[in-house]
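# Coordinate analysis (summary)
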Amino acid sequence: MSDEQNSVSDLLEDNQYKYGFTTDVESDTFAKGLNEDVVRAISKKKNEPEFMLNFRLKAFEKWKTMTEPAWPNVHYPPIDFQDISYYSEPKKKKVLESLDEVDPEVMRTFEKLGIPLDEQKKLANVAVDAVFDSVSVATTHKKKLMEQGIIFCPISEALQDYPELVEEYLGTVVPVGDNYYAALNSAVFTDGSFVYIPPDTISPMEISTYFRINTEETGQFERTLIICAENSYVSYLEGCTAPQFDTNQLHAAVVELVTLDNAEIKYSTVQNWYAGDKETGKGGIYNFVTKRGKCAGENSKISWTQVETGSAITWKYPSCILQGDNSSGEFYSVALTNGHMQADTGTKMIHIGKNTRSSIISKGISADVSSNSYRGQVKIGKNATNARNYSQCDSMLVGDKSSAHTFPYIETANSSVQVEHEAATSKISEDQLFYFESRGISRENAIEAVISGFCKDVFKQLPMEFAVEAQKLLTLKLEDSVG
Amino acid sequence: MLEIKDLHAGVDGTEIVKGISLSINKGEVHAIMGPNGSGKSTLAKILSGHPAYEATSGEIIFDGQNLLEMDAEERSLAGVFMGFQYPVEVPGVNNAEFLRMAHNARKVKAGEEEVDPLDFDELLSEKMKMLGMEKKYKERNLNDGFSGGEKKKNEILQMAILEPKLSLLDETDSGLDIDALRIVSEGVNKLRSENNALILITHYQRLLDYIKPDFVHVLSQGKIVKSGDKALALELESQGYDWVTTAD
């Protein structure tokens, strides 16, 4: 663990974005622009079954009729969707038989990011799917997982090997026309991870996907689908970084989770996409993501934990549809904005089944001239007898130029329910830090203590290594902003 | 132990302390009194190393070290303690954990091993017992929602844990009712020894009924206008500050 800590602080020295490098690999990139032919070409490139092409075309037709959402509390110039390339993959000779065939530059990139993929160095207790621009380049521990019937592979591979599973679940949680970016993703998504946990199986290790955008004018549209069958459990981690460019890159992902009876998925994200220049706000990722889970089965549970520390603009609401009776959904979030970042993030908890429970713990930290909004919806249907929700949304302001906003929406159609909402705003001030310093505690430790105190209800949900890294990341990002 | 030589200091370019010299030895208690705006608070801020306050000339030597060249963290580790007039609230940070961080910062400086939470709890319990403090001070967050009196007691608890050589108590009596004042003063008295020194900064002499000073200094318009023993404080009490501040 201490190695991990060191590597994080070493790389983040001088508060620079540590992942800002690009990798020089030969890429096979589509010409910019989007039309039906591009959608067909992506599908063809991936040799997809027909249902998939139809899914894409339907989504594309839908997307053309839609407009970008205007309701989020974020501001940016209009995106020219014809000025983006919708496919980029590192060039390779043929289908990869083993990791040895991955471009060594790509392997080194992931190693630099702290995600060694080769057999000798790979992380022992975490299975990793590494996605580089539009494609998955390596997946570790596949065989070991397969021994228990667990499928963990790029979704492009799942479309070849398990098309019926993908067809059964894809788009059942986030329909093709759900929203503007989900429709776009459904039309042009290129890769992402697929996980299937068979009945009565507890995944023996954490499963994770690591996303890396490398090419400057490529959008990343990944698609993740996780299915947890009856009485099963999986903990899934997701990490993201991108190089430093003066232009903005679009990342429009869709993640769908499905739990059947008594199953549980715990999904954790540490998002650290490049946020743009701290002073000028130039560049950075537009992170427009749709994440939603469906507790289809009784007594099932979906828990989202996110630590959002990067991206120029974040628009993201990991949600739960609580369909099965007695199912429960959780959302734990820390969203940090600094520099010129804008975040509009939160969750939706849709209670359909009886005795469904949800809890929302959101911690927003805003520094510099950034803007941080929590937007959350709790919707309780007429059959959701005895449903309960507890929401707590706290904001912390650093300095006096940042802003925090809270937009809770509560709708209940059943009188037996119980909904609680709490909100508070606090400040990390120069006086607080001086108080620590006057007791001999360093500024860095002081910030860490205040931030981890503020975020403790969320951090304790993260796997240990992630929690340590997340805490360090927040501290280093804030060091310059306080005072 | 502490030698202040012709100190000039202020905030935002305004000079407030205009030439203070003061010498404090081990085992002594000095009271610095004066009306509002006399420079008491600025002197305290300068001694504690508050970044907004600037010494423009003069020297402060503490244990042979130039205090003005040290930041607040270094001063604390060197053995200077500031008891704040308005201790800040830090929600989310457990009081006991905060105290352990401060304690361990000293351990690290001394090249010793850090104390784990269990061992620290023993030390903390012992100090709290000595000061007659309730268990809640361990469980609550740092000054979060504390009353004025509780905050001041918590400052004394910190002083007990950190065992400073020189403690500066800035208006520790303000906002305290008579019972709280007595408890806080008793705590301070228990922490006094031949090896440490104490500076009490106060507007009123009532604190000095409980903590007996060896020397009393009266500050007016940024200068020490009169020094004496405990009797001086009593005189101030009966005659008011005009008596000394207009004398010269």
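Located above this text is the structure these notes cover.
Quick look at the structure, then. Just so it is clear, the structure is predicted and the values come from calculations on it, not from any experiment.

In this section: the overall build of chain A. In terms of regular secondary structure, chain A is built from eleven helices and 23 strands. In chain A, which comprises 483 residues, the proportion classed as buried is 62%. By sequence separation, contacts in chain A at least 24 residues apart represent 83% of the contacts at least 6 residues apart. Surface accessibility of chain A: about 18,000 Å² in total, with carbon and sulfur atoms responsible for 47%.

For side chains of opposite charge, pairing can occur when their charged atoms come near one another. Residues and elements named next belong to chain A. In total, this model carries 33 salt bridges over all chains according to the counting rule given. A salt bridge links arginine 292 to aspartate 178; the nearest nitrogen and oxygen atoms lie 2.7 Å apart. Within this pair, whereas arginine 292 is found in strand S13 (residues 284-295), its partner aspartate 178 is found in the loop between helix H7 (163-169) and helix H8 (180-188), the two being separated by 114 residues in sequence. According to the relative accessible area criterion, arginine 292 is buried, its value standing at 10%. Its relative accessible area of 29% is what places aspartate 178 among the partly exposed residues. Here lysine 278 makes a salt bridge to aspartate 368, at a shortest N to O gap of 3.7 Å. Within this pair, whereas lysine 278 is found in the loop between strand S12 (264-271) and S13, its partner aspartate 368 is found in the loop between strand S19 (357-366) and strand S20 (371-380), the two being separated by 90 residues in sequence. Residue classification places lysine 278 among the partly exposed residues on the basis of a relative accessible area of 30%. Three or more residues joined by partner-sharing salt bridges are found here, namely Glu264, Lys301 and Glu330.

Taken together, Asp200, Glu230, Asp261 and Glu298 of chain A make up a surface patch of like negative charges. Inspection of the secondary structure assignment puts glutamate 230 of chain A in the loop between strand S8 (223-228) and strand S9 (233-241).

Residues and elements named next belong to chain A. H8 packs onto helix H3 (residues 50-64) with a crossing angle of 145° between their chain directions and a minimal axis gap of 7 Å. In this structure, H3 meets H8 at a crossing whose hand is left-handed. Here Phe55, Arg56, Ala59, Phe60 and Trp63 of H3 lie close against H8, whose contacting residues are Tyr180, Ala183, Leu184, Ser186, Ala187 and Val188. Class assignment for the residues of the contact of H3 with H8 results in nine nonpolar, one polar and one charged.

All names here are of chain B. For histidine 217, the position within the fold is in strand S9 (residues 215-220). A distance of 2.9 Å separates the side chain of histidine 217 from the side chain of histidine 30, its partner in a polar contact. Those residues in contact with histidine 217 that sit more than four places away from it in its chain are Leu22, His30, Ala31, Ile32, Met33, Ile224, Lys226 and Ser227.

Here we take up the packing of helix H4 (residues 117-131) of chain B against helix H6 (residues 148-162) of chain B. All names here are of chain B. Across the interface, H4 lies against H6 with an axial gap of 10 Å and an inter-helix angle of 125°. Considered as vectors, H4 and H6 are oriented oblique to each other. Crossing of H4 over H6 shows right-handed handedness. Residues Phe120, Leu123, Leu124, Lys127, Met128, Met130 and Leu131 of H4 touch H6, and the partners they reach there are Ile156, Leu157, Ala160 and Ile161. Its residues placed into classes, the contact of H4 with H6 shows ten nonpolar, no polar and one charged.

Before going further, it helps to examine the nonpolar core. Judged by nonpolar contacts, the single largest core of 106 residues is most densely connected at Ile365 and Phe436 of chain A together with Leu2, Ile4, Leu47 and Ile199 of chain B. Looking at which element gives the most residues to this core, the answer is helix H10 (residues 443-459) of chain A, with nine residues. Residues lining this core come from more than one domain, with at least three contributed by each of domain 1 (2-87 + 164-245) and domain 2 (88-145) of chain B. In this structure leucine 47 of chain B touches Leu2, Ile4, Ile60, Leu67, Arg75, Val80, Leu168 and Ile199 of chain B, once residues within four positions along its chain are discounted. Grouped together as the second largest cluster of nonpolar side chains are 54 residues, Tyr86, Tyr87, Leu170 and Leu184 of chain A included.

Here the structure, examined in full by the defined rule, presents 22 aromatic pairs over all chains. Ring centres of tyrosine 180 of chain A and tyrosine 181 of chain A lie 5.3 Å apart, and the angle between their planes is 90°; this geometry places the pair in the edge-to-face category. Both rings, one in phenylalanine 436 of chain A and one in phenylalanine 98 of chain B, keep their centres 4.9 Å apart while their planes meet at 90°; by these two values the pair is edge-to-face. With phenylalanine 436 of chain A in helix H9 (residues 430-437) and phenylalanine 98 of chain B in helix H3 (residues 95-109), this residue pair bridges two chains. On the basis of relative accessibility, which here comes to 0%, the residue phenylalanine 436 of chain A falls in the buried class.

This part takes up the interface of chain B and chain A. With 28 residues of chain B at the interface, the matching set in chain A holds 17 residues. For the pair chain B and chain A, the summed buried area comes to about 1,800 Å², and 68% of that belongs to carbon and sulfur atoms. Three residues stand out in chain B for area buried against chain A, namely Glu73, Val88 and Met101 of chain B, and they jointly supply 27% of the buried area on that side. Taken together, chain B and chain A are joined by one salt bridge. The shortest N-O distance in the salt bridge between glutamate 155 of chain B and arginine 439 of chain A comes to 2.7 Å. Across the contact surface, chain B and chain A share 13 residue pairs in polar contact (both at pLDDT 80 or more).

Analysis parameters
- Residues numbered from 1 in each chain as written.
- Chains lettered and ligands numbered in written order.
- Predicted model: local features only at pLDDT ≥ 70, side-chain atom pairs only at ≥ 80, totals over all residues.
- Heavy atoms only, no water.
- Helix = DSSP H or I, 4+ residues; strand = E, 2+ residues; numbered from the N terminus.
- Buried < 20%, exposed > 50% of the residue type's maximum accessible area, 1.4 Å probe, protein only.
- Contact = heavy atoms within 4.5 Å.
- Areas by Shrake-Rupley, 256 points an atom, 1.4 Å probe, with all protein chains shown as cover.
- Salt bridge = Lys/Arg side-chain N within 4 Å of Asp/Glu carboxyl O.
- Patch = residues over 30% accessible without salt bridge, like charges linked within 9 Å, V, L, I, M, F, W, Y side chains within 5 Å.
- Lys, Arg positive; Asp, Glu negative; His and termini not counted.
- Charge placed at Lys NZ, Arg CZ, Asp CG, Glu CD.
- Axes fitted to C-alpha atoms, helices over the stretch in contact; angles between N-to-C directions.
- Left-handed = near helix turned anticlockwise from the far one by under 90°.
- Nonpolar A, V, L, I, M, F, W, Y, C, P; charged D, E, K, R; others polar.
- Polar contact = N/O pair within 3.5 Å; in protein donor to acceptor, adjacent residues only side chain to side chain.
- Parallel < 35°, antiparallel > 145°, perpendicular 65-115°, else oblique.
- Core = buried A, V, L, I, M, F, W, Y, C linked by side-chain atoms within 4.5 Å.
- Domains from an automatic or database assignment.
- Phe/Tyr/Trp six-rings, centres within 6.5 Å; stacked < 30°, edge-to-face > 60°.
- Buried area = accessible area lost by both parts, 1.4 Å probe.

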